[in-house]
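Okay, here's what each chain looks like letter by letter:
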Amino acid sequence: MASVQKRIQVELMDKVENMKWEIKYKLRLEIQDTDVINALIYHHLKDLSADEVLEYRRKFLGKDE
């Protein structure tokens with residue numbers, strides 16, 4: 001499996017970090033940020049629409065295409 005670096009917004013990374021600690025506490029297992037991010041992608045990527053991507057770009061990046 002290839003390792004690739006991607007950027008994530010600080011606000012979202014804070015949410016990932018908080019979720020990681022909640023899961024670690026609940027499961028009593030060592031969980032990494034990447035475990036949370038990859039699980040999120042695995043479970044929700046299939047449902048992502050082009051409109052949602054455009055909405056995100058408008059709302060958070062200020063891009064108006």
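Residues numbered from 1 in each chain as written. Predicted model: local features only at pLDDT ≥ 70, side-chain atom pairs only at ≥ 80, totals over all residues. Heavy atoms only, no water.

**Q** Could you clarify how one ought to interpret the overall build of the protein chain in this entry?
**A** A tally of helices and strands in the protein chain yields three helices and zero strands. When the helices and strands of the protein chain are read in sequence order from the N terminus, they spell out α-α-α. By its C-alpha atoms, the protein chain is 45 × 25 × 20 Å across when sized along the principal axes. Within the span of the protein chain, comprising 65 residues, buried residues form 8% of the whole. Split by element, the accessible area of the protein chain, about 6300 Å² in all, is 57% carbon and sulfur. For the protein chain, the centre of its 12 positive side-chain charges and the centre of its 13 negative side-chain charges are spaced 2 Å apart. (Helix = DSSP H or I, 4+ residues; strand = E, 2+ residues; numbered from the N terminus. Buried < 20%, exposed > 50% of the residue type's maximum accessible area, 1.4 Å probe, protein only. Areas by Shrake-Rupley, 256 points an atom, 1.4 Å probe, with all protein chains shown as cover. Lys, Arg positive; Asp, Glu negative; His and termini not counted. Charge placed at Lys NZ, Arg CZ, Asp CG, Glu CD.)

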